[in-house]
Amino acid sequence: MQRIPFLSRILLFCLAFSTCLAKQPPWVMRISCGARLNVHTAPTNTLWFKDFAYTGGIPANATLPSYISPPLKTLRYFPLSSGPNNCYNIKNVPSGHYAVRVFFGLDGHPNFDNEPLFDISVEGTQIYSLKSGWTNQDDQVFTEALVFLNDGTASLCFHSTGHGDPAILSIEILQVDDRAYYFGPAWGRGIILRTAARLSCGNGKPKFDVDYSGDHWGGDRFWSPIKTFGQGSDLATSTESSIKMASNAPNFYPEALYQTALVSTDTQPDLAYTMDVDPNRNYSIWLHFAEIDSSVTTAGKRVFDILINGDVAFEEVDVVKMSGDRYTALVLNTTVAVNGRALTISLHPKEGSHAIINAIEVFEIVATESKTLLEEVRALQSLKSALGLPLRFGWNGDPCVPQQHPWNGADCLYDKTSSKWFIDGLGLDNQGLSGFLPNDISRLLHLQSINLSDNNIHGAIPPSIGSIAGLVVLDLSYNLFNGSIPESLGQLTSLRRLNLNGNSLSGKVPAALGGRLLHGASFNFTDNAGLCGIPGLPTCGPHLSAGAKIGVAFGASVGFLLMVICSMCWGKRRQNILRAQQIAARGAPYAKARTHLSHDIQLTRHYNHGNARTAAENGPILLS
C-alpha cells in the first residue's frame, strides 16, 4: 500500500479542517417582539426567540402591515411617556459581519396611530427614517443594514419623532461572510450598508433567500419582484436551466435569482429603472446578469453600456464574454454619489438590439458614528440610577449618537484626537429628581458645567467632584444637600460660578473657596443655616468644623474607653489582693496570731512614744 508523505497528510488535514469550518452555520438571532414564549413560524419552521433585551415599551397584539411580514402575533411599542429613545441591547454576539433587519408592526387599538413615523439606529448610527405611506409599500415594512459588530453586543434603538409610538414586530441579526458586499477601499468596519432596494427582475413573487433554498451565509435577503420597468418597455423571460457561478462566496446569491430577467424590446431598446433616494448620499450599486435568452448563443451577440444618472458606469458589457459562458452569473458593482432625489440605471444596447438584466441591489453607504467614551457612558448610567431619572428622559443607547437624538440633559463634544464623544455638560435642573449624587460623577472628566439646581437631591456633596479639573460652573442650589462642603472643591482652579445656596450644609467654608472670591468668582452659600467662615455668613468663632467635631468626639470616646479599662483593671487587682488575704487568714491561724501580736506591739509603741524607755528599762522584747 502506498504511504502518504507526512507533509501531504498535514495538508489534507488542514483542508479537511477548513472545509469543516466553512460548513459551520452562521450565527443567527431572531426575536419575536412582545412574545412571552419562543415561536416557530410556517412554512420553514423558523425559530423566533421570546422577547428580551429591551429597555422599555409595552407588549401588545400585532396587526401585520404586509403579507411579507413574519407571521407573528405580538409586537412591542414604545409610548413617549417611556422616553424618546428605546433600545434592544443584545449581548454575547460573536464579532463579525451581520445583516440586521427590523420589521415594523401596527397596533390595532383605535387610540393608536395606525402609521407611526420614527427613526431607527444601529450601534449608534441612524440608518432609516420611516416615511408617510410606508404601510402601503411591501419593501418599506422593514429596514435592513449590513454592519460589523465587534464589541460582543448589538444595539438597535428606536427614536420617537412625535408622530406616533414606535412599534416593532421582529428583529433579526443574521451573520454573513466577513467580506460580503466588498465595494472597494472605502469598505470596512467604519461603514454600514443600508438596503435601499433589492429587485428580482422578471419575477412575479416576493421571495426570501430561504424560499430560493439559498445558502444561509447569504443572510436570508428579501427580493422584491418587478415584472416590468415600464408598461411596454420590456419583456420578462425565464429559464429552468442551471446557473453556474451563482452561490459563491462571499455573497452567496441564490441560483434561482438568475433564472428570471427583463429584456428590452424593439420599440424600447433601452432598459431604464428609476427609484427615489435621499439626496447628497453615496450609493453602492450591484447589478446581476446571466445570459438566459436562447437566441443569444455566443459572445458579441449582446453588448450594452450601463449608465447611472446619465453617466457611463460600465462600457460594452458582454455578459457571455465576461462571465465565461451562457447561463453563468455575472455581478457588476460600482459606487456613485447622488445629489438629487432620483437614481436612474439605464442599459443602452450597442450590439444586438436588446439589453438584459436579472437583478438589482442598491445600498446607501452610511459612515458609522463615533461612539461616546465607554467610561463616560457607564458614569451616566450610574448617575441615571442614583438620581432616579424619570423614564421620560429616555437615557438608553449612546448619549451622543445618533446626533439627531442625543440624551436630554447631556451636552456632548467631539474629540478629534480620540475620535470619541465625551460629556462636557449636565443640565438637569428643575426636573423633580430626588436621589443622591454618586461618586461616579467624577468619571465624567470632561465636564465643564453641572446644573442640578431646583431638585430634591439629598445626601452629601461627593468629594470626588474636586477631581473634575475643568469644571467652570457647579450649581447645586435649592436641593437637600447636607454635611460640609468638601475641601476638594478648593482644588477646582477653573471654577467661576458655584451655587450651593438653599441647602442644609454646615461647617466652615473651605478657605481656598473663600480666597477665590477675591479673583472675580461668583459663589453663593446663602440659605444654609450651618455654614460659616466667609463674609456674608456667621463667623465660625469657637465652633468647630464638622471634621474637628468628629475628631474631638473620637478622642473623647477613646479617653473614656481607656478610663473604663483602667478602672476595671484596678478593681480586679484589688479583688485579687483581698481574696489572697482571706485565703491566707483561713489557712494559717498561727500566722494570723503573729500578725495580731505584731500589730498590738506596734500600737503599744505608738501610744507610749511620749514616754519612751530604753530596752534595758523595759527588758528584752520577745518575738518568739
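Structural notes, computed from the coordinates. (Residues numbered from 1 in each chain as written. Predicted model: local features only at pLDDT ≥ 70, side-chain atom pairs only at ≥ 80, totals over all residues. Heavy atoms only, no water.)

This part takes up the overall build of the protein chain. Regarding its fold elements, the protein chain presents seven helices and 35 strands. When the 624 residues of the protein chain are sorted by exposure, 45% land in the buried category. When the accessible surface of the protein chain is split by element, carbon and sulfur atoms take 55% of a total near 32,100 Å². (Helix = DSSP H or I, 4+ residues; strand = E, 2+ residues; numbered from the N terminus. Buried < 20%, exposed > 50% of the residue type's maximum accessible area, 1.4 Å probe, protein only. Areas by Shrake-Rupley, 256 points an atom, 1.4 Å probe, with all protein chains shown as cover.)

So, about the sheet that holds strand β33 (residues 504-508). Reading across the sheet, the four strands line up as β29-β31-β33-β35 and stay open at both edges, with parallel pairing between neighbours. The open sheet terminates on both sides in strands that have one partner only, identified here as β29 (458-460) and β35 (530-532). Neighbour-to-neighbour, the strand axes of the sheet open up by a mean angle of 30 degrees, direction not taken into account. Sheet topology places β33 next to β35; three bridges connect them, and they run parallel. Considered in β35, the bridge of Lys-508 is made with Cys-532. (Pairing = 2+ DSSP bridges. Axes fitted to C-alpha atoms, helices over the stretch in contact; angles between N-to-C directions.)

So, about the pattern of salt bridges. By the definition in use, this model includes 20 salt bridges. Put simply, Lys-371 and Asp-151 hold a salt bridge, and the shortest N to O gap is 3.7 Å. With Lys-371 in the loop between β25 (359-367) and α3 (374-387) and Asp-151 in the loop between β10 (142-149) and β11 (153-163), this pair connects stretches of sequence that are 220 residues apart. In this structure Asp-151 comes out as partly exposed when scored by relative accessible area, which is 47%. A salt bridge links Lys-244 to Asp-325, with the nearest nitrogen and oxygen atoms 3.6 Å apart. With a gap of 81 residues between them, Lys-244 in the loop between β16 (234-238) and β17 (260-264) and Asp-325 in the loop between α2 (319-323) and β22 (330-338) connect regions that are remote in the sequence. Connected through shared salt-bridge partners, Arg-30, Arg-101, Glu-144, Glu-172, Arg-198, Asp-220 and Glu-361 make up one network. (Salt bridge = Lys/Arg side-chain N within 4 Å of Asp/Glu carboxyl O.)

This part is about α3. Because the α-helix completes a turn every 3.6 residues, residues three or four places apart line up on one side. Between its first and last C-alpha, α3 extends 20 Å over 14 residues, near the 20 Å set by a 1.5 Å rise per residue. Along α3, the positions that sit buried rather than exposed are Glu-376, Val-377, Ala-379, Leu-380, Leu-383, Ala-386 and Leu-387. For α3, the elements touching its buried residues are β27 (420-427). Immediately downstream of α3, the backbone of Gly-388 shows phi near 60 degrees, a positive value. (Expected span 1.5 Å × (residues − 1). Contact = heavy atoms within 4.5 Å.)

If you look at the biggest cluster of nonpolar residues, it comprises 59 residues, and the most contacted ones within it are Phe-289, Ile-306 and Ile-360. Residues within four places of Phe-289 in sequence aside, it is in contact with Tyr-258, Phe-304, Ile-306, Val-319, Thr-328, Ala-329, Leu-330, Leu-332, Leu-347, Ile-356, Ile-357 and Asn-358. Listed in part, the 45 residues of the second largest apolar core include Val-401, Leu-444, Val-509 and Ala-521. (Core = buried A, V, L, I, M, F, W, Y, C linked by side-chain atoms within 4.5 Å.)

What follows covers the pairing of strand β23 (residues 342-351). Where strand β18 (residues 271-276) meets β23, six bridges bridge the pair, whose relative direction is antiparallel. The residue of β23 that forms the bridge with Tyr-273 is Ile-345. One ladder, built from six bridges, connects strand β20 (residues 303-308) with β23; its direction is antiparallel. Note on β23: the bridge partner recorded for Asp-305 is His-348.

This structure, assessed with the given rule, holds 20 aromatic pairs. Taking the centre distance of 5.1 Å and the plane angle of 40 degrees together, the rings of Phe-103 and Phe-142 count as tilted. Here Phe-103, found in strand β7 (residues 96-104), pairs with Phe-142, found in strand β10; they are 39 residues apart in sequence, far enough to count as distant. Taking the relative accessible area as the measure of exposure, Phe-103 reaches 1% and is therefore buried. Accessibility expressed as a relative area gives 9% for Phe-142, which makes it buried. Geometrically, the ring pair formed by Tyr-414 and Trp-421 is tilted, given 5.3 Å between the ring centres and 55 degrees between the ring planes. (Phe/Tyr/Trp six-rings, centres within 6.5 Å; stacked < 30°, edge-to-face > 60°.)

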